[in-house]
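Now for the letters of each chain:
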Protein chains: 2
Amino acid sequence: MALVVIGGVAAGLSAAARARRLDPRLEIVVLEKGPVISYGACGLPYLVEGRVRRPEELIVYTPEYFRKERHIEVRTGARVVSMAHSRREVVLESGARVRYDRLVLATGARCDTLGIAGTDQPHVFTLHTLEDATRMRRFLAESRPRRAVVIGAGYIGVEAADALRRNGLRVTVLERSPNALLRDDPQITLAVRRVLEEHGVELRCGVAVESIEPGRVAGVPCDMVVLAGGFKPNVELVAEAGVELGRSGAIRTSDRMETNLPGVYAAGDCAEVTHLVSGSATYIPLGTTANKTGRVAGANAAGGRERFAGIVGTSIVGIFGTGFATTGFSTEQARAQGFSPVAARVEGHSRARYFQGGKTTVELVADRATRRLLGGSVIGEEGAAGRINVIATALGARLTVDEFEQLDLAYAPPFAPVWDPLLIAAQQLRNRW
Amino acid sequence: MALVVIGGVAAGLSAAARARRLDPRLEIVVLEKGPVISYGACGLPYLVEGRVRRPEELIVYTPEYFRKERHIEVRTGARVVSMAHSRREVVLESGARVRYDRLVLATGARCDTLGIAGTDQPHVFTLHTLEDATRMRRFLAESRPRRAVVIGAGYIGVEAADALRRNGLRVTVLERSPNALLRDDPQITLAVRRVLEEHGVELRCGVAVESIEPGRVAGVPCDMVVLAGGFKPNVELVAEAGVELGRSGAIRTSDRMETNLPGVYAAGDCAEVTHLVSGSATYIPLGTTANKTGRVAGANAAGGRERFAGIVGTSIVGIFGTGFATTGFSTEQARAQGFSPVAARVEGHSRARYFQGGKTTVELVADRATRRLLGGSVIGEEGAAGRINVIATALGARLTVDEFEQLDLAYAPPFAPVWDPLLIAAQQLRNRW
C-alpha cells in the first residue's frame, strides 16, 4: 500500500507524519518541487527583517530526518507535471512515474500577481518561499534599495512593510480594496494606518496597480517592489486530472479532506474548508489550517476515520509590535453572508491600570435573529492573541452574546482588568437589541 | 420602591449600578460597613508591594460619584446588625432602621483564621480590606520586619509572599494541605515551589499551624505573620433572618441570584454559584464572579429577568512574573466529582522560537466516558491568561477534546507557535484513549 503526498511543507508533511503514526507499514513518499522541505513560511518576513539570521533557522525537519526517524521517503526537486488517476500514477518533470494507492494533494498556493505587468524585473519580489526571502535578503544587502512599494495590505504585505522599514527603507503600501488586512472594516484599516504611519510607512487604499514601471509603481518612486496581492491555489494540474474544484477555485473536499476522487485527499493552501460560522465552503490559506487539514487527510489516507470540522477564519498579524487579530465575520462580511449583524466596539485596557496595560480595542459582531456571535476583532500591543482566541473558541462553539458575556475569564491585576474588554464589549453589544 | 444593598465593594456596587440602569426611578441605598467603597481588593497585594503607591489609587468610585452620577445613596460606616424580613427592614449598628422592598445581600467574606491561636497580635495581618493593606504597609515602613511567615499558599498567600519578598523580607509560606493554589495537583505545586525558591521564598506544605507564638510560627522564626488561609462567607446575620445557606456554608440562590426569601438576592463572596462543569453549587469567592453575580442580582432586583449561568472556576495568579492559571477541575477534583478523568500535560513555547517565547506548560483534563473537557491549567511567563481563557471558554461551552483539538486559534510568529501548546495538549490527550 503506497501513499504519495504532493507537497513537502506544512500540510504535506503533517499528512505524511500522521499517516505514518497510524500505519507503521505504509509506504510513504513525499514529492516536493522545491529544494527544501518543512520550513516555517510564516517566518519569512522575519528572515527579511533580519531577526531570523539564516534561512536554515526556519527549517524544522530535513528529508534525512523523515527518512531515518519516520521511514518516509522525501524527494526534493520533484515537481509533479501530471496526474493520471485511472492508473493511480503521477508523473514528475524528470519523466519518472510514481504509483500511488492513496494520494494527498498538498500542492499549496502561489502569489497572485493580479495580472500586473512587469513583475519579472529583478527588483520585484514575492514572499512565499524560502528562496523568495533569501533572494530579497540578498537584494537588500547588495543593491541597498532605498524606497520600496508593497502591493497588497494583507498579512504578508504589512509584515513585509514592517520588515523593510526596519531595514531602513521608505515604504509605501498600495492596496487595491478600500481596506487593509482583507477585512472590510474601516476602523481596522484606520488603526493599521495609524500604526504604519507612526513608523513612517505610508498606506494607500483603493489603488489598483496595473503595471510596475522600472522606477515607480502607480506614481510612487521606488527601487524595490514586493508583490503581496494574495494567493491562488495550485490546482490546475489536479483539476485536469479530474479533481473537482469548489466555487473559490480551490479543491473541494469532504469533511474527511477527501476529494471527489476516492482515495485522493487534499489539504492546506490548495483546498477549501468549511467556515463554521456560515456553514459554507471557504478558501482562507493559513499555516495553522494547513497543519490541521494535513493531519486529517493523512490519517484518513492511512485508513483512519477523522474529520475536519472547519475553521472560523482566525488570524493575527503583528505590525510594529501591535497585534491585529480578527476572527469570523466583520459586520459587512456578515451582511454579505445573509446575517443581520449587530456590533459593538470598545476600547479597554489589557491589564489593571497600575500594571500599565496598553489599550486594547475589541469588536464583537452578533446575529440579530439568533444572538449568536458571528465574529470579532482585537487590536492591542499585548493580549491580542489570547483575546481573539477566546472569541474564536466561542465562534467554534456557537455561543450567543449572552453566553459570551458570562464567560468565566481569568483575572488578576498583572494579566487583565477585572472586567476584561471582551466582556465589556459583550455587555455593550447586548445593549444594542 | 426601595432597593437596599448590603455591601459596597464589587458585588454590591455592581448590583446597585445595574439596578439603576434598568430602573431610573428606583430608590437605591447601599450600606457599607467600612469607611470606603468600591476598591479593587485584588490590588491589595500590590499596595503592600509598593507598586500601587497610595490606597486611594485602588478606589474606583466614591460615594459622591454614586450620589451625583447614579442617584444612588451610599452610606459608609453603616454596619447592618440584624435583618427582619417580615418587616422588610435591616437595622444598623447605630440603631437606625432601613426599609426595603428588594434587598441585595453582598456581605462578602472574611479571612478564615482557621482556629489559630494568637491572631490578635500586632504583627499578625490579614489582607482582605484596604485598611488591612494600609496597616501592613505602615508596619513594613515603621517596624522594618525581616522575616515573615505567610499562612496559606492560596492566591492571597503567594501574592503576599511575592510582595513581602520584593520588600526585602525573608519569607516562608506554610500550607496546611499538600498542595498550593487550592489545586490538588502536585505538578502545579512543584512549579510554584520552583518559582518561589528561585526568588528566595520557602514553601512548606502539609504544615498545620495551630498557634502564632510571639517570635515564631510552627518553628519558623518571624517578626511578621500574614494569615491567608482562605475565606468564610459573611452569612451569620442573614442566616438568622431565615436566608437559606447551601452545603458550602454560603448563601444558596437560584440562577436569578434570588435567595429562598422572595425579593432578597445575594451576590459575590457571600453566595454560592453553579459550577458549570459539575452542575453543582460551589463556593469560589472571586472578584470577577462578584461583579457578574452583582449585575444579575441588581438587574433582577430592579424587575429585570436575567440569569447567571455559573462559573467554571477560572483563576490566575502572578508569582514573580510567572502566571499560574487554572480552570475547571484537576484530575483529583474531577475524580472526586465522579468523573473518570484522563489528562495530558505538555511543555511548549509561548511564541515561535525566534521570538524568544518562554516555556508554557499546559494540562488538559477530560472525561473518559463523554470526552468532554473538565479542566486545565497553564503555567507560563507570558500568554497564561489568554490560554487559560480558551480552556475556560471551552469548558463553558462543554466542548469535547476532539472539538478543542481543532479550534481555529490565531497564529503568527510574534504571538504563538504554529501548533499552540493548547492544541498539542489536546492531541496528546486524544492519544490517551
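The structure presented is a predicted model; accordingly, all values stated were derived computationally and were not measured.

A. Structural detail: the overall build of chain A. In terms of regular secondary structure, chain A is built from 12 helices and 25 strands. Here the C-alpha radius of gyration of chain A, 23 Å, is about what a compact globule of 433 residues would show, namely 22 Å. By its C-alpha atoms, chain A is 65 × 50 × 40 Å across when sized along the principal axes. Within chain A, the proportion of its 433 residues that are buried is 59%.

B. Up close: the environment of leucine 374 of chain B. Structurally, the position occupied by leucine 374 of chain B is in strand β25 (residues 373-380). Those residues in contact with leucine 374 of chain B, other than ones at most four positions away along the chain, are Val277, Gly328, Phe329, Ala334, Phe339, Val365, Ala366, Asp367 and Leu395 of chain B.

C. Expanded view of the relation of the copies chain B and chain A. For these two chains of identical sequence, chain B goes onto chain A by a turn of 180° and a shift of 0.0 Å along the axis, with RMSD 0.0 Å. The two molecules are tied by a two-fold rotation axis, judged by turn and shift. The rotation axis passes nearest to the C-alpha of glycine 386 of chain B in chain B, at a distance of 1.8 Å. Most of the interface of chain B is mirrored in chain A: 100% of its interface residues are interface residues there too.

D. Spatial organisation of the interface of chain B and chain A. With 58 residues of chain B in contact, the opposing surface of chain A contributes 58 residues. Both sides of the chain B and chain A interface together cover about 5000 Å² of buried area, and 59% of this is carbon and sulfur. Summed over the three residues of chain B that lose the most area to chain A, namely Tyr354, Gln406 and Asp408 of chain B, the buried surface amounts to 15% of that side. Our count for the chain B to chain A interface comes out at four salt bridges.

E. Representation of helix α5 (residues 155-166) of chain A in the model. Given a rise of 1.5 Å per residue, 12 residues ought to cover 16 Å, and the 17 Å separating the end C-alpha atoms of α5 of chain A matches this to within 8%. Directly beyond the C-terminal end of α5 of chain A, a positive phi value near 95° is found at glycine 168 of chain A.

F. Geometry of the packing of helix α1 (residues 10-22) of chain A against helix α8 (residues 287-301) of chain A. Residue and element names in this part refer to chain A. Following both chains from N to C, one finds α1 and α8 inclined at 35°, their axes separated by 7 Å at the closest point. The element α1 and its partner α8 pack so that their crossing is right-handed. Residues Ala10, Ala11, Ser14, Ala15, Arg18, Ala19 and Leu22 of α1 form the contact with α8, whose participating residues are Ala290, Asn291, Gly294, Arg295, Gly298 and Ala299. For the contact of α1 with α8, the per-class residue count stands at seven nonpolar, four polar and two charged.

G. Structural context of the domain arrangement of chain A. Residue and element names in this part refer to chain A. What the domain assignment reports for chain A is domain 1 (2-109 + 231-301), domain 2 (124-227) and domain 3 (315-430). Facing six residues of domain 1, the contacting portion of domain 3 comprises nine residues. Taking both sides of the interface into account, the surface hidden between domain 1 and domain 3 amounts to around 550 Å²; carbon and sulfur atoms contribute 63%. For domain 1, the biggest contributors to the area lost against domain 3 are Leu276, Val277 and Ser278; these three give 71% of the whole. Inspection of the domain 1/domain 3 interface yields zero salt bridges. At the junction of domain 1 and domain 3, the tally comes to one residue pair in polar contact (both at pLDDT 80 or more).

H. Spatial organisation of unusual backbone geometry. Phi is positive for serine 38 of chain A, which is not a glycine, with a value near 55°. Among the structural elements, serine 38 of chain A can be located in the loop between β2 (27-31) and α2 (44-49). Even without being glycine, arginine 88 of chain B reaches a positive phi, approximately 50°. Relative to the assigned elements, arginine 88 of chain B resides in the loop between β4 (80-84) and β5 (89-92).

I. Here's a closer look at the environment of aspartate 402 of chain A. Residues and elements named next belong to chain A. Residue position: aspartate 402 is located in helix α11 (residues 401-405). Assessed through its relative accessible area of 22%, aspartate 402 is described here as partly exposed. As a C-alpha pair, aspartate 402 and aspartate 132 span 270 residues in sequence and 47 Å in three-dimensional space. Excluding anything up to four places from it in sequence, aspartate 402 contacts Arg371 and Arg430. A polar atom in the side chain of aspartate 402 sits 2.7 Å from the side chain of arginine 430.

J. Structural detail: the side chain of glutamate 175 of chain B. Residues and elements named next belong to chain B. Residue placement: glutamate 175 occurs in strand β11 (residues 170-175). This buried residue, glutamate 175, is left without a salt bridge; arginine 176 holds the nearest opposite charge, at 6.9 Å. Here the side chain of glutamate 175 touches alanine 153 through a polar contact of 2.6 Å, landing on its backbone nitrogen. The residues contacting glutamate 175, other than those within four sequence positions of it, are Gly152, Ala153, Gly154, Arg204, Cys205, Gly206 and Val207.

K. Structural detail: the pairing of strand β1 (residues 2-6) of chain B. Residues and elements named next belong to chain B. Within β1, five of the five residues are buried, which leaves it mostly tucked inside the rest of the structure. The side-chain alternation of β1 yields two buried faces, one formed by Ala2, Val4 and Ile6 and the other by Leu3 and Val5. Where β1 lies against strand β2 (residues 27-31), five bridges are found, and the strand directions are parallel. In the strand pairing of β2, valine 5 is matched with valine 30.

L. Spatial organisation of the sheet that holds strand β16 (residues 224-227) of chain A. Residues and elements named next belong to chain A. Strand order in this open sheet of five strands is β9-β16-β10-β11-β12, and the pairing throughout is parallel. If you trace the sheet from one side to the other, it starts and ends with β9 (124-126) and β12 (201-205), each paired once. Along the sheet, successive strands turn relative to each other by an average axial angle of 20°, direction set aside. The pairing of strand β11 (residues 170-175) with β12 spans five bridges and is parallel. Across the sheet, residue threonine 172 finds its bridge partner in β12, namely glutamate 202. On the sheet, helix α4 (residues 130-143) packs against β9 and β16 and is oriented at approximately 145° with respect to β9. Against the sheet, α5 makes contact with β10 (147-151), β11, β12 and β16, and its axis sits at roughly 170° relative to β11, the strand it touches most.

M. Just the nonpolar core, in detail. Leu364, Leu373 and Phe404 of chain A together with Leu364, Leu373 and Phe404 of chain B are the most contacted members of the largest nonpolar core, which totals 80 residues. In this view, leucine 373 of chain A contacts Leu364, Val365, Ala366, Ala394, Leu395, Leu399, Thr400, Val401, Phe404 and Leu429 of chain A; residues no more than four positions away in its chain are not counted.

N. The pairing of strand β21 (residues 315-319) of chain A, seen in detail. All names here are of chain A. Counting buried positions along β21 gives five out of five residues, so the element sits mostly inside the fold. Side chains of β21 alternate between two faces, with Ser315, Val317 and Ile319 and Ile316 and Gly318 buried alike. Bridge count between β21 and strand β22 (residues 322-328): five bridges; the pairing is antiparallel. Counterpart to isoleucine 319 in the pairing with β22 is threonine 322.

O. A look at the packing of aromatic side chains. Under the counting rule described, the total for this entry stands at 16 aromatic pairs over all chains. Taking the centre distance of 5.6 Å and the plane angle of 80° together, the rings of tyrosine 61 of chain A and phenylalanine 66 of chain A count as edge-to-face. The class for tyrosine 61 of chain A is partly exposed, based on a relative accessible area of 31%. The class for phenylalanine 66 of chain A is buried, based on a relative accessible area of 3%. Seen in terms of ring centroids, tyrosine 61 of chain B and tyrosine 65 of chain B are 4.4 Å apart; in terms of plane orientation they differ by 20°. Their pairing is stacked. Counting every residue linked through ring pairs, the aromatic cluster contains Tyr46 of chain A together with Tyr354 and Phe355 of chain B.

P. Broad picture of the pattern of salt bridges. Enumeration over the complete set of coordinates arrives at 48 salt bridges over all chains. In this structure, the salt-bridge partner of glutamate 89 of chain A is arginine 87 of chain A, at a minimum N-O distance of 3.3 Å. The class of glutamate 89 of chain A is buried, set by a relative accessible area of 11%. Judged by its relative accessible area of 47%, arginine 87 of chain A is partly exposed. Glutamate 332 of chain A is paired through a salt bridge with arginine 335 of chain A; the nearest N and O atoms lie 3.0 Å apart. Remark: arginine 335 of chain A and glutamate 332 of chain A occur in helix α9 (residues 331-336); sequence separation between them is three residues, near one turn of the helix. With relative accessibility at 36%, the residue glutamate 332 of chain A sits in the partly exposed group. Look at the salt bridges and you will find they share partners, linking Arg18, Arg295 and Glu306 of chain A together with Arg371, Asp402, Glu405 and Arg430 of chain B into a network.

Cut-offs and rules
- Residues numbered from 1 in each chain as written.
- Chains lettered and ligands numbered in written order.
- Predicted model: local features only at pLDDT ≥ 70, side-chain atom pairs only at ≥ 80, totals over all residues.
- Heavy atoms only, no water.
- Helix = DSSP H or I, 4+ residues; strand = E, 2+ residues; numbered from the N terminus.
- Rg over C-alpha atoms; globule rule 2.2 N^0.38 Å.
- Buried < 20%, exposed > 50% of the residue type's maximum accessible area, 1.4 Å probe, protein only.
- Contact = heavy atoms within 4.5 Å.
- Least-squares fit on C-alpha atoms with pLDDT ≥ 70 in both.
- Buried area = accessible area lost by both parts, 1.4 Å probe.
- Salt bridge = Lys/Arg side-chain N within 4 Å of Asp/Glu carboxyl O.
- Expected span 1.5 Å × (residues − 1).
- Axes fitted to C-alpha atoms, helices over the stretch in contact; angles between N-to-C directions.
- Left-handed = near helix turned anticlockwise from the far one by under 90°.
- Nonpolar A, V, L, I, M, F, W, Y, C, P; charged D, E, K, R; others polar.
- Domains from an automatic or database assignment.
- Polar contact = N/O pair within 3.5 Å; in protein donor to acceptor, adjacent residues only side chain to side chain.
- Lys, Arg positive; Asp, Glu negative; His and termini not counted.
- Pairing = 2+ DSSP bridges.
- Core = buried A, V, L, I, M, F, W, Y, C linked by side-chain atoms within 4.5 Å.
- Phe/Tyr/Trp six-rings, centres within 6.5 Å; stacked < 30°, edge-to-face > 60°.

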